[in-house]
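Structure at a glance
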Amino acid sequence: MILYFSGTGNTLEVARGIAEASGESLFDMGAAYKEGRFEVQVGDDDSLGIAFPTYRWSTPPLVDEFVKKARFVTASGDAFRPSYCFTVETYGYFRGRESRYLAELLQKYQGIAVDSAYAVRSVGNCLYLFDTPGKDAIERVLVSARESTAKVSARVCARKSGDRVSPNPLGALLSSGTCHEGKKRSVGAFYALPDRCVGCGTCVSVCPTNTVKIVEGLPRWEGGRCTECLRCVQLCPTGAAQHGKVTEKRTRYRNPILEER
């Protein structure tokens, strides 16, 4: 079983690649979280993988909450102890200690030890920090990501233990301020341009935390559950949804795998 969370599709592509190579099934944490569903049906001797994107050199808040609340249910009713456990993170520029932090959460809340951790560099998509690369650059990064995924898949299929993600020194420093429980994401920077918004509701449907609502024909971001995946901004079909003024002129990104769904 591979649990995954994906904003614009990068992590989905990696998780699917590993699942196809290993024969594991996929479980979408984002879809389950949106529905308030934390029960995960597993086999008594299943392996467990968790695939996640790096946000602010940490894990997404949604992943933290899912790990805390997940109820792994076996057919026998016994406590779930995976025969093998691994994590894989996707990142755009450089990584911190987010995989170590996730391992700590798994041990603390589920009593599960991580055997190996992996990282795959993919297309950076934090739109309020960086513009989307050009088409050729995106394709080069995605080809490299698929090659890295194949290598990770081989390690996972062989159930290798002891593999670890080495953090970038700056990433490790930044992680010291972001890898903690209870991290909140403000919704204050989100808004929609009235002249672009057509009221289609895409932002509402793709939001995994039910943070977006349509009020008087326009989206409104409310509450303290936002995981800042930027799905609402990146997947808006008209480019109406924004996260700060800087995103108004930036190019949206979605991994090609989303076009297959």
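See the structure shown above.
What counts, and at which threshold
- Residues numbered from 1 in each chain as written.
- Predicted model: local features only at pLDDT ≥ 70, side-chain atom pairs only at ≥ 80, totals over all residues.
- Heavy atoms only, no water.
- Buried < 20%, exposed > 50% of the residue type's maximum accessible area, 1.4 Å probe, protein only.
- Helix = DSSP H or I, 4+ residues; strand = E, 2+ residues; numbered from the N terminus.
- Pairing = 2+ DSSP bridges.
- Axes fitted to C-alpha atoms, helices over the stretch in contact; angles between N-to-C directions.
- Contact = heavy atoms within 4.5 Å.
- Core = buried A, V, L, I, M, F, W, Y, C linked by side-chain atoms within 4.5 Å.
- Salt bridge = Lys/Arg side-chain N within 4 Å of Asp/Glu carboxyl O.

**Observations concerning the pairing of strand S3 (residues 39-42)**
Residue alternation in S3 divides its side chains into a buried set, Val40 and Val42, and an unburied set, Glu39 and Gln41. Where S3 and strand S5 (residues 71-74) come together, four bridges link them in parallel fashion. Bridging across to S5, Val40 finds its partner in Phe72.

**Points about the sheet that holds strand S6 (residues 85-91)**
Pairing is parallel across the open sheet formed by five strands, whose spatial order is S2-S1-S4-S6-S7. Looking at strand neighbours, the two that pair on one side only are strand S2 (26-28) and strand S7 (116-121), the edges of this open sheet. Strand-to-strand, the axes of this sheet are offset by a mean angle of 20°, without reference to chain direction. Of the strand pairs in this sheet, strand S1 (residues 2-4) and strand S4 (residues 48-53) are connected by three bridges, and their pairing is parallel. In the sheet register, Leu3 faces S4, and the bridge partner there is Ile50. Along the sheet face, helix H4 (residues 98-110) touches S4, S6 and S7 and points at about 145° away from the line of S6.

**Here's the deal with the nonpolar core**
Considering soluble globular proteins, one finds that nonpolar side chains tend to be buried as a cluster. Core analysis: the largest hydrophobic core is formed by 30 residues, its most contacted members being Leu3, Phe27, Met29, Val40, Phe66 and Phe72. Taken together, the elements giving at least two residues each to this core come down to helix H2 (29-35), S3, S4, helix H3 (61-69) and H4. Residue contacts for Phe72: discarding those within four places in its chain leaves Leu3, Val40, Val42, Leu48, Phe80, Gln110 and Ile112. Formed by 20 residues, the second largest nonpolar core is a distinct cluster that contains Tyr4, Leu12, Tyr84 and Val206.

**Describing the pattern of salt bridges**
Side-chain pairs of opposite charge can arise whenever the charged atoms involved come near each other. Applying the stated criterion across every chain yields a total of 15 salt bridges. Measuring nitrogen to oxygen at the nearest pair gives 2.9 Å for the salt bridge that ties Arg97 to Glu104. When its relative accessible area of 23% is taken as the criterion, Arg97 is described as partly exposed. The partly exposed category is assigned to Glu104, whose relative accessible area is 42%. The partner of Arg185 in a salt bridge is Glu228, with the nearest N and O atoms 4.0 Å apart. Residue Arg185 is located in the loop between helix H6 (169-178) and strand S8 (190-192), and its partner Glu228 is located in the loop between strand S10 (218-221) and helix H8 (231-234); the two are separated by 43 residues in the primary sequence. Of the two residues, Arg185 and Glu228, neither departs from the other in class, the shared state being buried.

Read these as layout, nothing more, since geometry by itself doesn't imply function.
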